[in-house]
Amino acid sequence: MKRKVIIDCDPGIDDSLALILALNSPELDVVGITIVSGNVKAEQGAKNALKVLKLMKREDIKVYIGEEVPLVRELITAQDTHGEDGLGETNYKEADVEINYGGVDFILENARRGDISVIALGPLTNLAKAIGRDEEAFNMINEIVSMGGAFKSHGNCSQVAEFNYWVDPHGVKEVFEKSKVPFSMVGLDVTREIILTPNLIELIKQIGGEVAEFIVNITRFYVDFHWEQERTLGCVINDPLAVAYFIDRSICEGFTSYLDIVTEGIAIGQTLVDVGEFYRKEHNGLVLTKVDSKKFMKIFLERIFKDNKKDIEIVINNEKYGLI
Ligand code: RIB
Ligand code: CA
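Residues numbered from 1 in each chain as written. Chains lettered and ligands numbered in written order. Predicted model: local features only at pLDDT ≥ 70, side-chain atom pairs only at ≥ 80, totals over all residues. Heavy atoms only, no water.

Scanning all chains against the criterion turns up 17 salt bridges. For the salt bridge of Arg249 with Glu143, the shortest nitrogen-to-oxygen distance reads 2.7 Å. Of this pair, Arg249 sits in the loop between helix H12 (239-247) and strand E9 (252-257) while Glu143 sits in the loop between helix H6 (135-138) and strand E5 (144-147); the two residues are 106 residues apart in sequence, bridging distant segments of the chain. If you follow the salt bridges from partner to partner, you end up with Arg3, Glu143 and Arg249 in one network. (Salt bridge = Lys/Arg side-chain N within 4 Å of Asp/Glu carboxyl O. Helix = DSSP H or I, 4+ residues; strand = E, 2+ residues; numbered from the N terminus.)

With that out of the way, let us pick up the packing of aromatic side chains. Counting across every chain of the model gives eight aromatic pairs. Taken together, the ring pairs in this structure connect Tyr165, Phe176 and Phe183 into an aromatic cluster. A cation sits over an aromatic face here: Arg73 above Trp166, 4.7 Å from the ring centre. Stacked on the ring of Tyr245, the Lys or Arg Arg249 has its end atom at 4.9 Å from the ring centre. (Phe/Tyr/Trp six-rings, centres within 6.5 Å; stacked < 30°, edge-to-face > 60°. Lys NZ or Arg CZ within 6 Å of the ring centre and 35° of its normal.)

Attention shifts here to the coordination of the calcium ion (ligand 2). Every protein donor of the calcium ion (ligand 2) is accounted for by Asp10 (OD), Asp15 (OD), Asp15 (OD), Leu121 (O) and Asp239 (OD), and the metal-donor separations fall at 2.2 to 2.6 Å. With relative accessibility at 1%, the residue Leu121 sits in the buried group. (Donors = N, O, S within 2.8 Å, 3.2 Å for Na, K, Ca; no water. Buried < 20%, exposed > 50% of the residue type's maximum accessible area, 1.4 Å probe, protein only.)

Turning our eyes to something else, we now look at the site of ligand 1. Surrounding ligand 1, one finds 13 residues, the nearest of these being Asp14, Asn156, Glu162, Asn164 and Asp239. Residue Asp14 places a side-chain N or O atom 2.5 Å away from an oxygen atom belonging to ligand 1. The contact in question runs from an oxygen atom of ligand 1 to an N or O atom on the side chain of Asn164, over 2.7 Å. If ligand 1 stood free it would expose 280 Å²; the protein chains cover 97% of that surface. Of all the secondary structure elements, the ones that give two or more residues to the shell around ligand 1 are helix H1 (13-23) and helix H7 (163-167). (Near = heavy atom within 4 Å. Polar contact = N/O pair within 3.5 Å; in protein donor to acceptor, adjacent residues only side chain to side chain. Areas by Shrake-Rupley, 256 points an atom, 1.4 Å probe, with all protein chains shown as cover.)

A separate point is the pairing of strand E6 (residues 183-186). Neither face of E6 is open: one carries Phe183 and Met185, the other Ser184 and Val186, and all of them are buried. Bridge count between E5 and E6: four bridges; the pairing is parallel. From the neighbouring strand, Met147 faces E6, where its bridge partner is Val186. When E6 meets strand E12 (residues 285-291), the two strands line up parallel, connected through two bridges. In the strand pairing of E12, Met185 is matched with Val287. (Pairing = 2+ DSSP bridges.)

Judged by nonpolar contacts, the single largest core of 73 residues is most densely connected at Ile33, Leu196, Phe300, Leu301 and Phe305. Setting aside chain neighbours within four positions, we find Ile33 in contact with Ile7, Cys9, Leu19, Ala49, Leu53, Ile61, Lys62, Val63 and Tyr64. Membership of the second largest hydrophobic core comes to 30 residues, among which are Ala120, Leu124, Ile141 and Leu259. (Core = buried A, V, L, I, M, F, W, Y, C linked by side-chain atoms within 4.5 Å. Contact = heavy atoms within 4.5 Å.)

Shown next, in the form of structure tokens:
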């Protein structure tokens, strides 16, 4: 049974990989893509989403720009990580498809229809605006799976803050405090285990084809950033894990907790996971803490390269290649 989803994102290199995975997953019916400012400004993010839809021959799916600035903070983008264009400075030609606005209303219209879930891969500004505009409709959303936050893992924007939640902590707080929708936090504790290593990038290159070429091209800049920034060889692809987890819950393990977030000061953007029940408050989220990275990578590659499942099976399971 296909599940209807809206993908709310800030493409973004790993957002683009997540979109490719979602579009190649038979379990999902992507009813629309909403864009939020994060890695790049929302207008550029929308253009990038359209480039991915063109690549995947899915220009039937509509893209809606939502909120272009965080609720309170000044927008800080991540073009140092994703490139000026948000796709590793590949500057692919723009799709000549109109860009819609009204992303927040699109989320609420679908929420009212029922039977919709949201996979959120960027800051939660669109979701925060939606709940502020029509809380009753918002709470008709089936579930939210959000890539963001960190429990025990160190941050990627400060010692304690993960980018999506750091960009708009007030948006996160709005959702944490008002939402009654089941919420899964796919944070750095699990996404840091998902690394597209040089060997995996070579495997993708050898598989070949348009999609493979796009992935190799847009990740080049991202790999260089990871080496310069943290001596990681390869690149952490956070967002596809949120899509894969939505499809197959066995990929990750975690626990429910009361969640809050710091909205000012030196620790701004830090997710507070009340594992010790100090606040004695109702649990408002599921925090993922363990991931089967090999299982993820098989799912990811076998869906993106449906015709090469056999190669992938052989190579992924062959320890000597040291892919993961
Ligand atoms: O911290 C990683 C997250 O921030 C990912 O979603 C990445 O695309 C950026 O949005
Ligand atoms: Ca993202």
